[in-house]
Structure formats: structure tokens, C-alpha cells
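Spelled out, the chains give:
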Amino acid sequence: MSYSVTSPSVRTKWFAGILVVGYALITLMPLVWIIATGFKSPSDAISYPPKVTFEPTMEGYVNLFTTRTRVTEETLATVGEPTTWYERIVRAQGMVITGPSRYGERFMNSVIIGFGSTLLCMVLGTAAAYAFSRFRVPMKDDLLFFILSTRMMPPIAVAIPIFLMFRQLGLNDTYLGMILLYTAVNLSLSVWLLKGFIDEIPIEYEEAALIDGYTRFQAFYKVVLPQAATGIASTAIFCLIFAWNEYAFAVLLTSGNAQTAPPFIPTIIGVAGKDWPAVAAGATIFLMPVMVFTILLRKHLLRGITFGAVRK
Amino acid sequence: MAQIRIENVRKEFGDFTAVQSSSFTIEDGEFFMLLGPSGCGKTTTLRMMAGLELPTSGQIYIDGEEVSQKPASQRDIAFVFQMFALYPHMNVGKNISYPLRCQGVSKSEVKRRVAEVARILAIEDILDRPVGGLSGGDRQRVALGRAIVREPKAFFMDEPLGALDAEFREHMSQELRALHDRMGATTVYVTHDQLEAMQMGDKIVVMNHGVVEQFGVPQAIYDWPATKFVAEFIGSPSMNFLNFHAMVGKGMTSVSLSGTEFTVPEMREGANGDLIFGIRPEHIHLDDASSYKGLVIATEYLGTTQIVTFETPNGALKARLASSESITVGSQIGLTFDQRTITIFVAETGRALLSAGNEGALRNG
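Residues numbered from 1 in each chain as written. Chains lettered and ligands numbered in written order. Predicted model: local features only at pLDDT ≥ 70, side-chain atom pairs only at ≥ 80, totals over all residues.

## So, the overall build of chain B
And step 1. A tally of regular secondary structure across chain B gives eight helices and 20 strands.
And step 2. Taken along its principal axes, the extent of the C-alpha atoms in chain B is 75 × 45 × 35 Å.
And step 3. For chain B, the proportion of its 365 residues judged to be buried stands at 42%.
And step 4. Put simply, of all contacts in chain B between residues at least 6 apart along the chain, 67% involve residues at least 24 apart. (Helix = DSSP H or I, 4+ residues; strand = E, 2+ residues; numbered from the N terminus. Buried ≥ 20, exposed ≤ 12 C-beta atoms within 10 Å, placed from the backbone. Contact = placed C-beta atoms within 7 Å.)

## Things to note about the overall build of chain A
And step 1. Counting its secondary structure elements, chain A contains 15 helices and two strands.
And step 2. Here chain A has a C-alpha radius of gyration of 25 Å; the compact-globule value for 312 residues is 20 Å, and the former is much larger.
And step 3. Once the C-alpha set of chain A is aligned to its principal axes, its extents read approximately 85 × 65 × 40 Å.
And step 4. By residue count, 32% of the 312 residues in chain A fall in the buried class.
And step 5. Pairs at least 24 residues apart make up 78% of the contacts formed inside chain A by residues separated by at least 6 positions. (Rg over C-alpha atoms; globule rule 2.2 N^0.38 Å.)

## Points about the environment of B:Phe229
Residue and element names in this part refer to chain B.
And step 1. Among the secondary structure elements, Phe229 is positioned in helix H8 (residues 228-233).
And step 2. Assessed through the 22 C-beta atoms surrounding it within 10 Å, Phe229 is described here as buried.
And step 3. For the pair formed by Phe229 and Glu300, sequence separation is 71 residues and the distance between their alpha carbons is 25 Å.

## Regarding the nonpolar core
And step 1. Counting residues in each nonpolar core, the largest one holds 138 residues, and the members touching the most others are B:Phe79, B:Phe156 and B:Val188.
And step 2. Among the elements that take part in this core, helix H9 (residues 175-200) of chain A stands out by supplying eleven residues, more than any other.
And step 3. With sequence-adjacent residues up to four places away left out, B:Phe79 is seen in contact with A:Glu207, A:Ala208, A:Ile211, B:Ala50, B:Ala147 and B:Phe156. (Core = buried A, V, L, I, M, F, W, Y, C linked by C-beta atoms within 7 Å.)

## Remarks on unusual backbone geometry
And step 1. With an omega of -5°, the peptide bond between A:Tyr48 and A:Pro49 qualifies as cis.
And step 2. Following the sequence through the fold, A:Pro49 ends up in the loop between helix H2 (42-45) and helix H3 (59-65).
And step 3. Unusually for a residue other than glycine, B:Ala122 sits at a positive phi of about 55°.
And step 4. As for its position among the elements, B:Ala122 is in the loop between helix H3 (107-121) and helix H4 (136-148).
And step 5. For B:Ala122, a count of 11 C-beta atoms within 10 Å translates into the label exposed.

## Section: the domain arrangement of chain B
Residues and elements named next belong to chain B.
And step 1. For chain B, the assigned domains read domain 1 (4-223) and domain 2 (228-363).
And step 2. Distance between the C-alpha centres of domain 1 and domain 2: 37 Å.
And step 3. With twelve residues of domain 1 at the contact, the number on the domain 2 side is eight residues.
And step 4. For the side of domain 1 that touches domain 2, the secondary structure elements donating two or more residues are strand E9 (203-208), strand E10 (211-216) and helix H7 (218-223).
And step 5. Its residues placed into classes, the side of domain 1 that touches domain 2 shows six nonpolar, four polar and two charged. (Domains from an automatic or database assignment. Nonpolar A, V, L, I, M, F, W, Y, C, P; charged D, E, K, R; others polar.)

Written out as C-alpha cells, the structure is:
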């Protein structure tokens, strides 16, 4: 890749710098807010004007992971002194811990469904993209357009047919159902992105491998895949982000068993009061996997966004 | 080491026919050129021999075995690509040893053969380098190394010098030819460069529009083109074509161009109508006594020779003459033709008429 060779003037550099920093501040603000709120006490969280400095507490995180019940002074006296730091935090609110919350479970559901659908999407997407890129598929252009056309409406527009279909098939509130759904939504994007990446790999590599004694599948597996790794990684991020953050279908199609974290987090607010710190804590933890995944693969992601724009 | 025989091979891509019923034989140990303009079907023909495309119909024999429907991996051949197709994630040594490792050859044997190939190609000092930083020539050597290391029955090369700059091509083409002479393996080489084909090839097939136009040794093809296309494609400047209308009979030894009689090789077949008188630029001589006059319209100085363009009653003519001849643009000069090398074509089909000169040379499969 090559970039512009004329170096910008000092004034342009300053201007660009300020613009980038300003933009970063604006986009990071909600993130900072959420992370900070997770460590606030409930009263600090809703105080107006908002508090920038506050005394951090783990109350939100403890509340996120536990279920608690309010008890009378007499009962409290009978359960003895709290032995752990989180018990002390709960006791200070005049409550006792009755058990773990379902957040951990919901979070794991998100991991299974998010990563599961991403994996399935990559396997199917790479195979389809390879076929579209390399073979003479009848009506190739029509098929590709047809695949893309599934992205031309918001997926939620077909929520009712999908809901009815899932109910008939017994896929409601199952891992399989959610994995299939997210895979179906993501597949068109991944086929198109991956086809672009595979198109860029010269076909001679595979032909050389074919002549050297590999079968078509071995050539694909040992020659094409390593070179498409960048593209696969960046496509995987796009797919994971969608599946991870998806809310509407999760609300509609999951409840007791396969519910993911996004529809669960709002329920933390609960009936007892507005426990914003616990909600913020839940959101913060929920953000982490995608954030880490994205930071790890950010170089690939950047290339993924700009691919095709630069002739190498 | 093997003979390769192509019989009535045809390839269609949907409605498009890339190769129409080609037949020719490549003898064991030959350096064989597939020559033609882009889109003529030469690369498709090569790819069918290699097994990268399967022919729609026809047979391909390698070493006597019919392989036309077999995958590339079962044909025991090596292919050198124009863009080298070195694996970017492997170093030079790994690239060369890759085909051997594919076939599960033992480690010590792999090492021995890679060392030998590196010695032949003089690339021993770069075996540990990544392929990314190599020059075009070294990349091509590595690609050759990957082909040689397998000791295959035949080498197929698809414009292997196409990606190199002109100066280096010359050098690599000599190196390739020397390598072939040392190893003696059958080599099929695709090129669109007629000079390259003439320089390097033992035998040439000239293709156009998916049809084999002519097949033979370079000199026969140059001297006795079977079609007007071959005459035009080979040689620079190409053969001259003078249009005339006449009846040519079997056994005739001269034809008349605008009233001047020219001796030609004895005709072995006759034709009537629009004909073309084909003469190579170097076979045109100046002769004041000749009644056939040309008007000089341009001269190009090329050092030892010059190319002079004449306007004649039968069309434009380019002659390659010694630089010592002083020629003025605008003058009328008498011309004679070297009678041994004249070919007469039928204007409509472009086919050369059989004569005493070309009857042994015209083969097109």
C-alpha cells in the first residue's frame, strides 16, 4: 500500500490532531460514563449535576452478580457477622445475599451464541466465497445479488415470520435457534467480504499446489486459508459484533433458557429500585470481550474496512 | 521425460470456443513453443495439458498414457507461472521443497534434492531468505527450482519471462534454454513474443482464434508460413503482402504483378481470383533495370540495416536494406524479389498455395 507523499503543513497537522482528539472524546464519553457509573453508589449515579469525582464502590458489581433480599433488623441480627467483602457491601444496604444472579449464565449464553454463530458463519461464508470466487457457478451474479438482497431490509422486519417459524420448529429459546438466526443474518455480509479477500489471492497459488500433488480441498486448506486469514479475521469481527450486540431478536425469541446478555441487562433495574450502577456494571463487563477481540485484531479490521479501496 | 501428443483437443467455455480441435505432437526432450496473440487459446491448450482445465473433447497423451480427464496431480508434470506463484509465507528453500513435502518424500532426500537444484540455479546463498524481497529474476529462478526439484516428466511454462524487464528477459531466456539443454526434459513454453519463440524453440506451434495455424521448426515457419496470419505474426517488420488478381496454375513458375513477371517457386496447386504475393523485407533488392518501380515514402535507420517503405502499384512494401544504400524519399526505384522465398496466399482464406518451396513445411497438425 502506498500513501500520499506530500507531507501536510504544521497547521493542518494541528487541526487534524484536534479534530481526531475531539472526535475520540465524543465517542468515548458514553463508554467512560458507563464504566464510571458501574463504580458509583446508586445515589451518586442519579445525582444532578452528574458527579465527576465520587467515592468508588463495588456495590454495582456485587448487586449485578447476586440476588438479595431485604430483612428486618431482628433477622439480620440472627444471621451473624458478614465474612466476605461482598457480604459486607450487601449488609450495609440492609439486605442479605440469597444466591447468585443469572448474569453469569446470560453472559455465557452470549458467548456461546455469539462465538458459535461467528464460527459457523466463517465456515459457511469462506466455503461459499471460495466457490463464488473460483468456480464457474451458473447464474453467479444473480446468486450473489440474491444473497446480498437479504441485507436490504432490517432483519427485524421479518421478526414475525421468524417467530412463527421458530415456534413450529421448536427453535424458540434454544442455542441452536439463535446461532442459526445470527448466522443467517451475517452470512450475506461475510460471503461478500470474504469473496473480495479471496479474489485478491492469485489463483496460481492453488494451481501450483494442485500440480504439486494436492487435492482441491488440500489446496484450499493449506494455501488459500493461510493467505485469507486477514480477511477472515476482520469478517469475523463484523459478525461477532452484530451477534454480540443484537437485542431485538433476543428479546423476542429467548427467555428462560437461551437468553443472551443484552435483553437481560435492562431487567437488572428490577422492581426494588433503579439500580443503575448494577446495570452499568453489567454493560461494562458485556463490552469487554468484543473490545479485547477488536483491539487484538484492529490491524485486520482497518484493512477490512478499506479493502478494495487501495490497489496494491 | 516424455512425448506429449495432443489429438483433436477442443475446449469450450459456455458459448465461447477457446480451442478448436487442435492436434500436434511434442517429441521427447523438445523445447516446444506455443505462440500466438493474446486470446488465441495457447494458454488454454497448455493448461489442458497440465490438467488445470479439462478438455471438452479430444485426447492428451503424456508418455503414451491418456491423461485428458486426469487431475493435474496425477500427471507428474511441473508448471511455471508467469507471476511465479511463490508462496509468500514460505522462504526460498521451503518454496522449492514444497512439492516434495506434498508428496511425502523423506527429509534427507528433500534436503539433498533442494541443495542440488539450488546449485544448478546458483541460488544456494538465498535459500533462507523470504521470497518477498527477491528480485524478479531470483523469483523466477525459485519458481523454476520448484519445478525442477520434482524431476517431472515435462515442464510447462506460461510466459515465464513476461513479468521481467526487457534486459533481464534476454538473460533469463538464455539461462532457461541452457537449463533445458542440460536436463533434456520435454518443455512446453507459452509466449506471445515471436522473437522469444524463434530464439528458444526447437519447434513452434502458431495459434490464432483457437486454431493451430502452423506447426514446425522455427525456420520452416519463418520461411514458409502456412497462412497469412503466420506470415504477419512472425518477423519484424512482418512479411509484405502485395495484392494481385490472377489465375495461377499448377506447374507455373512465375506470376505477373502489374505487368512485371516475377519468378516464383514452382506451384503445386492452382487458384483463380484475388491473391496475395508474400515477400519478406530482407528478400527485396534494388535493381534499376527492373520495370517494377516503388516510390520511396519513408526510411528508418537501424544501424547496420534500414527499413525502407515503398509505395508500389500493388500496395505498400517494407524492405530491409543495407544502411550503405543511399535512398532519397520521393524517388522511384526499381525492385526485384528473391524468388526462393515467395509465398502466394489466397486473399479470401489467407491460406498459402502449395509450391515447390513450401510443400515440405506446411503442416498444421
